[in-house]
Amino acid sequence: MNFLSLIEAKRDGQVLTTKQIEDIIAAYTGGQIPDYQIAAFLMAVYFRGLNTAETRALTFSMRDSGEKLEFPSDRRPLVDKHSTGGVGDKVSLPLAPLLACLGFRVPMISGRGLGITGGTLDKLDSIPGFKTSLPSKRIIQMVQKVGCVICGQTHRMVPADKGLYALRDVTGTVPSIPLIVASILSKKLAESLSALVLDVKFGAAAFMPEPNQALALANAMVTLGNQCGVRTRALLTNMDTPLGRAAGNWLEVKEAVECLEVQSSKFKVQSSKLEDLRSIVLASAAQLLVLTRKAPNYDAGRRRAEDCLDSGAPRRKWDEMLAAQGADLSVFQRKLERDHTASVIAEIHAHRAGFLVRCDARIIGQVVRDLGGGRLSKDSVISYDVGVDRLAKPGEAIQKGAVLARVHADTRADATTACSALQSAFQISPKRPRPAPLVWRVVQ
Ligand code: URA
């Protein structure tokens, strides 16, 4: 293969054949193409794009670059959820056990955080003893026995994406719709799913801030997912404000457990506290129930998901999943009971009364990252116990002096820096803001 001529063809806007794309991925995975040439090819794709057939060929070639998870046949459909990433986005944690209790099998292969967006695996790593790295045989066993697993990609799954994503990250070629579609879907297709729900974020802390960009990405992923035989839908959700009231690895695990424990208003238990998180968890479950024809329509699916969540079964399933992945439940429970595990706690307070109109997810994500809760580079070491909680949320009435956020830090100096950065994340106004819808659209 003359790879230079393929780079030139894409640079000049030509369409590549399926065979040419397959050859590129096979040669790259086989170590026959140097990184500088693949980087040039990625940049050509970034500017020239890929049409639907090229994107499909890239997705399939990447999926086939490594091993796939092959499950025994079973009545329980295989499903998963993927989020494009946000601040405080811990939806996967309560969703996996909820879906297992609704009669699904959930091989939830997740990633680590980079920059301001948190990663599911980093959150789970804050649980003492919990193993996020499992061989494929164990992943399959867990899915069959427990119904759900949340772990990282094995070394053998979709190796092409590992290399390409690392290169895109350092060559400014991440925000390309066909490259994102191929990267995300190749990994999901390797899980042999029947149905997939995508949570595509837009807003201040999303990597596609404009709603229309996010919509284009969602349309492309839903179309290709369906063409590849995975029933796919996307929720377009707002990421101007963090999801829930906590951001930071361990603090988010705590909040996910709360979401599994808090019951709906029919039980008169305080649920409004985590309404946004709960709402995306239930919406994702309801979409999967509809996609797999386990519910006749969205409303019926949502009611079923809500009843299941309120039954307490997903909370027990969570413990079962934790124990099966190596966690010591008594140590976990003792950690949950602690108010905080970081060395230093500090609060920021409202300087005046009014209504909160802004709680900026981008600034909060940066604060959590700079406290050590996120990565500036792939090799950064994470601090699991730092972050922010008790976040005030837009629309709430705020008294002068009320807590807007609580900082969890490793040192007093870190806490002071975080508190001063956080001041600009909040805005209070005398007028109550109109609530922004959390789910803007559903793409199907
Ligand atoms: N997440 C991925 O897995 N791949 C991308 O390209 C972007 C986000």
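Structure: see above.
Here, residues in each chain are numbered from 1, in the same order as that chain's written sequence. Per-residue local features are limited, in this predicted model, to residues with pLDDT of at least 70; the limit for side-chain atom pairs, both in listing and counting, is 80 or more; totals at the level of whole chains, interfaces and linings are taken over all residues. Only hydrogens and water are removed before side-chain values are computed, so all heavy atoms of the structure are retained for them.

Labels follow the DSSP assignment, with helices taken as runs of H or I lasting at least four residues and strands as runs of E lasting at least two, numbered in each case from the N terminus. Scanning the protein from N- to C-terminus turns up 17 helices and 12 strands. Each of the three principal axes of the protein carries a C-alpha extent, and together these read 65 × 45 × 40 Å. In this scheme, a residue with accessible area under 20% of its type's maximum is buried, one over 50% is exposed, and one in between is partly exposed, where area comes from a 1.4 Å probe on protein chains only. By the burial criterion, 57% of the 444 residues in the protein qualify as buried. By definition in these notes, contact holds between two residues if any of their heavy atoms fall within 4.5 Å. Considering only intrachain contacts with a sequence separation of at least 6, the fraction spanning at least 24 residues in the protein is 78%. Accessible surface, the protein as shown: approximately 18,200 Å² in total, 51% of it carbon and sulfur. All accessible areas in this document rest on Shrake-Rupley with a 1.4 Å probe, and a residue is counted as covered only by the protein chains that are shown.

All right, on to the pattern of salt bridges then. A pair is scored as a salt bridge if a Lys or Arg side-chain nitrogen falls within 4 Å of a carboxyl oxygen belonging to Asp or Glu. Summed over the entire model, instances satisfying the criterion amount to 30 salt bridges. For D339, the salt bridge is made with R406, and the minimal N-O distance between the two is 2.9 Å. Taken as a pair, D339 in the loop between α15 (329–337) and β6 (344–349) and R406 in strand β10 (residues 403–409) lie far apart in primary sequence, 67 residues in all. Among the residues examined, D339 registers a relative accessible area of 37% and is labelled partly exposed. Through salt bridges with shared partners, a single ionic network connects R112, D122, D125 and R375.

A word on the nonpolar core. Judged by nonpolar contacts, the single largest core of 143 residues is most densely connected at I127, W318, I364 and F426. Element by element, the count of residues in this core is highest for helix α12 (residues 275–291), at 9 residues. With residues up to four places along the chain from it excluded, the contact list for I127 reads W250, V253, W318, L322, A327 and F332. Note on terminology: a nonpolar core comprises buried Ala, Val, Leu, Ile, Met, Phe, Trp, Tyr and Cys residues joined through side-chain atoms within 4.5 Å.

If even one non-hydrogen atom of a residue comes within 4 Å of a molecule or strand, that residue is called near it. Taken together, Y165, R168, I180, S183, I184 and K187 make up the full set of residues adjacent to the ligand. At 2.6 Å, a side-chain N or O of S183 approaches a nitrogen atom of the ligand. The fraction of the free accessible surface of the ligand (240 Å²) that becomes covered by protein chains is 87%. Taken together, the elements giving at least two residues each to the shell around the ligand come down to α8 (159–171) and α9 (177–189). With 4 residues, the top contributor of residues to the shell around the ligand is α9. Put simply, Ala, Val, Leu, Ile, Met, Phe, Trp, Tyr, Cys and Pro go in the nonpolar bin, Asp, Glu, Lys and Arg in the charged bin, and everything else, Gly too, in the polar bin. Among the residues making up the shell around the ligand, the classes are represented as 3 nonpolar, 1 polar and 2 charged. In protein, a polar contact means a hydrogen-donor-capable atom and an acceptor-capable atom, both N or O and within 3.5 Å, with residues adjacent in sequence counting only if both atoms are side-chain atoms; elsewhere, any N or O pair within 3.5 Å suffices.

Spatial ordering of the open sheet is given by β6-β10-β8, a layout of 3 strands whose pairing is antiparallel. On the outer flanks of this sheet lie β6 and β8 (387–389), each paired with one strand and no other. Across the sheet, the mean angle separating the axes of adjacent strands is 25 degrees when strand polarity is ignored. Two strands are said to pair when DSSP picks up at least two bridges between them. Only the contacting stretch of a helix is used when fitting its axis, a line to C-alpha atoms as for every element, and angles between N-to-C directions run 0 to 180 degrees.

What follows is about helix α4 (residues 52–63). Take the number of residues in a helix, subtract one, and multiply by 1.5 Å to get its expected span. When the terminal C-alpha atoms of α4 are compared, their 16 Å separation across 12 residues agrees well with the 16 Å that a helix rising 1.5 Å per residue should span. Taken together, the buried positions of α4 are occupied by E54, T55, A57, L58, T59, S61, M62 and R63.

This next bit is on a nonpolar patch on the surface. Exposure above 30% relative accessible area and no salt bridge define the residues that can form patches, which grow by joining like charges within 9 Å and nonpolar side chains of Val, Leu, Ile, Met, Phe, Trp and Tyr within 5 Å. On the surface, a nonpolar cluster with roughly 310 Å² of combined accessible area is contributed by M43, Y46 and F47. Note that M43 resides in helix α3 (residues 35–48).

The next point concerns the environment of L404. If you trace the backbone, L404 turns up in strand β10. Taking C-alpha positions, L404 is 24 Å from K201, a pair spaced 203 residues apart along the chain. Contact partners of L404, with chain neighbours within four places excluded, come to I348, H349, A350, L356, R390, L391, A392, I398, F426 and I428.

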